[in-house]
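Analysis of the macromolecular model
If you want the building blocks of each chain, they are given just below.
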Amino acid sequence: MGPRRKKGTTVVLLLSVVAGMIGLSFASVPLYSLFCRATGWGGTTQRATAAPKGVADAFVTIRFDAETAPDLGWEFRPLTHQIRVRPGEPHEVFYRATNRGSEPVTGTATYNVTPTKSGIYFDKLQCFCFTEQRLGPRESRDMGVQFFVDPELVKDPSTRDVNTITLSYTMFRKPDATASRAQPGRAGP
């Protein structure tokens, strides 16, 4: 094999490696999200369509927390700060968002639970997370989350010490779509 052919093979190999790395970088976010949802890794909660039939003969305290991104201009807080539940029982709590500004603003909430090892056992039936919430000036909205703690939490040796779970939400400002489409020196649509 001549030196030209070796260089050509090396270039093709390197381009293939770069293309593979780019492909993996685009696939990593959805794959990581799928992994977290399946395992509860990092405090990712589970989605459920119905509460289980059985209820555990134990109690767990659920605490509720809320944070607001500084650029949002909203007040965002849980209306209930904690409740005591039996794993398997469905519950609903509400968070209140209030736009303190003089312009309409859209926000979106993300969530997690701690301790993170309990995420696989915290099941949401209905939630406002990842849903755009548009509030007019000084408008308030109560947003509910329906959930249950899977009774398997008390049976799992790795979570038997979990007596308290904290559900935390962070509300972020959604960028204004019209502002991001407008280009400098040109009028928006």
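For the structure, see preceding data.
Source: prediction; values computed, not measured.

Now for the side chain of Thr98. Within the secondary structure layout, Thr98 lies in strand β5 (residues 91-99). A residue is classified by how much of its surface remains accessible, and Thr98, at 17% relative accessible area, is buried. Leaving out residues up to four positions away in the same chain, Thr98 has contacts with Gly73, Trp74, Glu75, Leu135, Glu139 and Ser140.

Moving on: the pairing of strand β10 (residues 164-173). Relative to β10, strand β2 (residues 60-68) is paired through 8 bridges, and the arrangement is parallel. Note on β10: the bridge partner recorded for Asp65 is Ser168. Strand direction decides the pairing type here: strand β6 (residues 105-114) and β10, joined by 8 bridges, are antiparallel. Residue pairing for β10: Gly107 is matched across the bridge by Arg173.

What follows is about the pattern of salt bridges. Where charged atoms of side chains with opposite charge meet at close range, the side chains can pair. Enumeration over the complete set of coordinates arrives at 7 salt bridges. Note that Lys174 is salt-bridged to Glu132, the shortest N-O span being 3.4 Å. With Lys174 in the loop between β10 and α2 (177-181) and Glu132 in the loop between β7 (122-126) and β8 (133-135), this residue pair connects regions lying 42 residues apart in the sequence. For Lys174, a relative accessible area of 30% gives the class partly exposed. Across the salt bridge formed by Arg141 and Glu139, the nearest N and O atoms sit 3.5 Å from each other. On the accessibility criterion, Glu139 (32% relative accessible area) is partly exposed.

Within the secondary structure layout, Lys124 lies in strand β7. Buried Lys124, no salt bridge; nearest opposite-charge side chain is Asp123, N-O distance 11 Å. In terms of polar contacts, Lys124 uses its side chain to reach the side chain of Tyr169, at 3.2 Å.

Here we come to the nonpolar core. Ranked by internal contacts, the top residues of the largest apolar core, which has 31 residues, are Ile62, Phe76, Tyr95, Ile165 and Tyr169. For this core, the secondary-structure elements that each account for two or more residues are β2, β3 (74-78), β5, β6, β9 (140-149) and β10. Discounting chain neighbours no more than four positions away, the residues touching Ile165 are Val60, Thr61, Ile62, Arg63, Val113, Thr114, Pro115, Ser118, Phe122, Val149 and Leu153.

Thresholds applied
Residues numbered from 1 in each chain as written. Predicted model: local features only at pLDDT ≥ 70, side-chain atom pairs only at ≥ 80, totals over all residues. Heavy atoms only, no water. Helix = DSSP H or I, 4+ residues; strand = E, 2+ residues; numbered from the N terminus. Buried < 20%, exposed > 50% of the residue type's maximum accessible area, 1.4 Å probe, protein only. Contact = heavy atoms within 4.5 Å. Pairing = 2+ DSSP bridges. Salt bridge = Lys/Arg side-chain N within 4 Å of Asp/Glu carboxyl O. Lys, Arg positive; Asp, Glu negative; His and termini not counted. Polar contact = N/O pair within 3.5 Å; in protein donor to acceptor, adjacent residues only side chain to side chain. Core = buried A, V, L, I, M, F, W, Y, C linked by side-chain atoms within 4.5 Å.

Take it as geometry only, folks, not as evidence of what the structure does.
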